[in-house]
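This is what each chain is made of:
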Amino acid sequence: MKHRWPLIVLTLIATIQFFDRALMVVVVEPIKQEFSLSDSQLGLVAGLSYAVAFALAGIPLGWLADRVNRRKLLAGVLVAWSGFVALAGSAQSYAALVATRVGIGAMDAGGQPCSVSMIADLVPREKRAGAVAVFFAGVPLGMLLGFMGGALIASQYGWRAGFYVAAVPGVLLALLLWFTVHE
């Protein structure tokens, strides 16, 4: 019972992080047009820059999650992630946008190691698989919201607005995590 609230918060964090991943897919065409990008440049900003940073940061952040307070680490990477997401919305050049995607990918890599490790400690062994399944339900939920919500926001307010919208819940969830979930 005591694990339900932390599981809800961790699942919401996963959801908002996957919102951003889907959002990038939705807004690639307006980004391509605004910055006059080739398909190769678009691939770098939409995929490779994020993926390489995620892969390179995942192991050190996982190692760190084993050695420090995971709640604090997760809140910290979530605030940094939110900052990079907001900066993506305000990027005025291709290079700046690539740099923000690197930051987003690197910070995103800290979410799952911290969350799954916390779930393992909070949830009794016989309920752990179900709890992890609930947590990972945030993935398709975030993708769904990113595709649908991102498309709606971008069509009404432009591609930048989607990033601003995605950044705000990240900060709010980091505060919720910090003040209501205990290690």
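Not measured: the values here are computed from a predicted model.

**Student:** Would you mind going over the packing of aromatic side chains with me for this structure?
**Tutor:** What characterises a pair of aromatic rings is the spacing of the ring centres plus the angle enclosed by the ring planes. Within this structure, the stated rule accounts for four aromatic pairs. With a centroid separation of 5.9 Å and an interplanar angle of 20 degrees, the aromatic rings of Y50 and F54 are classed as stacked. With Y50 and F54 both in helix α3 (residues 39–65) and four residues apart, the pair spans about one turn of that helix. Overall, Y50 belongs to the buried group, its relative accessible area being 10%. The class for F54 is partly exposed, based on a relative accessible area of 25%. Considering the side-chain rings of F135 and F136, the 4.9 Å spacing of their centres and the 75 degrees angle between planes classify their relative orientation as edge-to-face. On the basis of relative accessibility, which here comes to 33%, the residue F136 falls in the partly exposed class. Here a set of aromatic residues connected by ring pairs shows up, and it is made of F35, W159 and F163. Of note, R21 hangs over the ring of F18, and the distance from its end group to the ring centre comes to 3.8 Å. In this structure, R71 is placed above the aromatic ring of W178, and the distance from its NZ or CZ to the ring centre is 5.0 Å.

**Student:** Mind showing me how you'd approach a nonpolar patch on the surface here?
**Tutor:** Where nonpolar side chains cluster on the molecular surface, the patch consists of V25, L141, L144, L145, F147 and M148 and spans about 550 Å² of accessible area. Counting residues per element, the nonpolar patch draws most heavily on helix α8 (residues 138–157), at five residues. Its place among the elements puts F147 in helix α8.

Reading the values: the criteria
- Here the residue index of a chain counts from 1 through its sequence in written order.
- Side-chain atom pairs in this predicted model are given and counted only at pLDDT of 80 or more, local residue features only at pLDDT of at least 70, and totals for whole chains, interfaces and linings cover all residues.
- Working from all heavy atoms in the structure, the side-chain values ignore hydrogens and water.
- In this analysis, rings of Phe, Tyr and Trp, with Trp reduced to its six-membered ring, are considered paired at centre separations within 6.5 Å, and the interplanar angle assigns stacked below 30 degrees, edge-to-face beyond 60, and tilted for intermediate values.
- What counts as a helix is a DSSP run of H or I of at least four residues, what counts as a strand is a run of E of at least two, and both are numbered from the N terminus.
- Exposure classes here rest on a 1.4 Å probe applied to the protein chains alone. A residue is buried below 20% of its type maximum, exposed above 50%, and partly exposed in between.
- Note on criteria: charge over ring means Lys NZ or Arg CZ within 6 Å of the ring centre, with the direction from the centre no more than 35 degrees off the ring normal.
- Patches were defined on residues exceeding 30% relative accessible area and lacking a salt bridge, with like-charge contacts within 9 Å and nonpolar side-chain contacts (Val, Leu, Ile, Met, Phe, Trp, Tyr) within 5 Å.
- Method for areas: the Shrake-Rupley scheme with a 1.4 Å probe, in which residue coverage is limited to the protein chains shown.
- A pair is scored as a salt bridge if a Lys or Arg side-chain nitrogen falls within 4 Å of a carboxyl oxygen belonging to Asp or Glu.

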